[in-house]
Amino acid sequence: MALSSYKLLQDLQNSTNYDCLTAGNDMEWGWDPLESTTDVNISDDTLKVVIHPNSSRGTGAVRGDMPFVPGHIYYWEIKVDGSPMATDMIVGVGTKDFDLESSENQYTSLIGSDEKSWGYSYKGVKHHGGESLMYGQRYDLGDALIGVRLDMCRGTLEFFHNRIPLGVAFEKLNNKHLLYPMVCSTACRTHFTIKYCRSLPVNLQLHCLQAFDSSKNSLIPFGILKMVMDSWWIPKSSSS
């Protein structure tokens, strides 16, 4: 995501029409109580999960309740609050048949441990296929906001740390299989809170929004402004 995308959001937030523009639903999915290890607590609105709420004896994990389908681009943000002493805390994606319970009694980097999952660790490492490579910044000092953008057309997955882009982490994701958002942690009382999750089909409208430069259009019709506001997270093809 270009930094200009966030600048666009800030400009729109200063608009007198901001309250009307934000009337939509920015939460398309939540955590699935039926798709988690036993030692997790999920809030009633399904937006917040606490892994190992009392004590930890292994790796806890949870999957989202909505699949990511081919032909769409997705973006979501998760606030992470956990211990810097954890064996690992990971935000990522995986297939439906990825085994969340395989390490309940082991302290491991679960997401990315096989070919069915991809993840970004709090240590600044990316995991996939059992391999670990340095990728971005650590996110173990205080609360961290981790953004994830998944392009199910191009098969790319990229992450953001406190809304700073880290670049594409993985390419050639197999879009023949549905993917799901996932998180895991070995640490006691790890909080993962969904703050934003949206998607758009990859079509002509999306390509037009990518090319739209608000800095060169001082008089923006309200309908277009609303679409721009709703899609501030898509990658722009030109800087604003």
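Procedures and definitions
- Residues numbered from 1 in each chain as written.
- Predicted model: local features only at pLDDT ≥ 70, side-chain atom pairs only at ≥ 80, totals over all residues.
- Heavy atoms only, no water.
- Pairing = 2+ DSSP bridges.
- Helix = DSSP H or I, 4+ residues; strand = E, 2+ residues; numbered from the N terminus.
- Axes fitted to C-alpha atoms, helices over the stretch in contact; angles between N-to-C directions.
- Phe/Tyr/Trp six-rings, centres within 6.5 Å; stacked < 30°, edge-to-face > 60°.
- Buried < 20%, exposed > 50% of the residue type's maximum accessible area, 1.4 Å probe, protein only.
- Lys NZ or Arg CZ within 6 Å of the ring centre and 35° of its normal.
- Polar contact = N/O pair within 3.5 Å; in protein donor to acceptor, adjacent residues only side chain to side chain.
- Contact = heavy atoms within 4.5 Å.
- Salt bridge = Lys/Arg side-chain N within 4 Å of Asp/Glu carboxyl O.

Judged by pairing direction, the sheet is antiparallel, and its seven strands sit side by side in the order 2-3-14-5-10-11-12 without closing on themselves. Strand pairing shows two members of the sheet lacking a second neighbour, strand 2 (40-42) and strand 12 (164-170), which therefore form its edges. With strand direction ignored, the average angle separating the axes of adjacent strands in the sheet is 20°. For strand 10 (residues 144-151) and strand 11 (residues 156-161), the ladder comprises six bridges, and the chain directions are antiparallel. From the neighbouring strand, Gly147 faces strand 11, where its bridge partner is Phe160.

With that settled, consider the packing of aromatic side chains. Enumeration over the complete set of coordinates arrives at twelve aromatic pairs. Relative to Tyr74, the ring of Phe68 has its centre 4.5 Å away and its plane inclined at 40°; by these criteria the two rings are tilted. Residue classification places Phe68 among the buried residues on the basis of a relative accessible area of 0%. You can call Tyr74 buried: its relative accessible area is 3%. With 5.4 Å between their ring centres and 85° between their planes, Tyr120 and Tyr135 make a pair best called edge-to-face. Here Tyr135 lies in the loop between strand 9 (131-134) and strand 10 and Tyr120 lies in strand 7 (residues 117-121), a separation of 15 residues in the sequence. Taking the relative accessible area as the measure of exposure, Tyr120 reaches 0% and is therefore buried. These aromatic residues form a ring-pair network of at least three members: Trp29, Trp31, Phe68, Tyr74 and Trp76. Of note, Lys126 hangs over the ring of Phe170, and the distance from its end group to the ring centre comes to 5.5 Å.

Here the focus is the side chain of His127. Here His127 lies in strand 8 (residues 125-128). For His127, the side chain forms a polar contact with the side chain of Asp88, separated by 3.4 Å. Leaving out residues up to four positions away in the same chain, His127 has contacts with Asp88, Ile90, Ser109, Ile111, Gly112, Ser117, Trp118, Gly119, Ser121, Ser132 and Phe170.

Take the pattern of salt bridges next. This structure, assessed with the given rule, holds six salt bridges. Arg163 is the salt-bridge partner of Glu77, the closest N and O atoms lying 2.9 Å from each other. One end of the pair, Glu77, is in strand 5 (residues 72-81); the other, Arg163, is in the loop between strand 11 and strand 12, and 86 residues separate them in sequence. Residue class for Arg163 comes out partly exposed when judged on its relative accessible area of 29%. Here the salt bridges share partners, and the residues they tie into one network are Glu35, Arg63 and Lys96.

Moving on to the pairing of strand 3 (residues 48-51). Across three bridges, the pairing between strand 2 and strand 3 is antiparallel. Each residue of the ladder has a partner; that of Asn41, found in strand 3, is Val50. Joining the antiparallel neighbours strand 2 and strand 3 is a turn of five residues, in which Thr46 adopts a positive phi near 65°. Pairing between strand 3 and strand 14 (residues 190-201): four bridges, direction antiparallel. Paired with Val49 across the two strands is Phe192, which belongs to strand 14.

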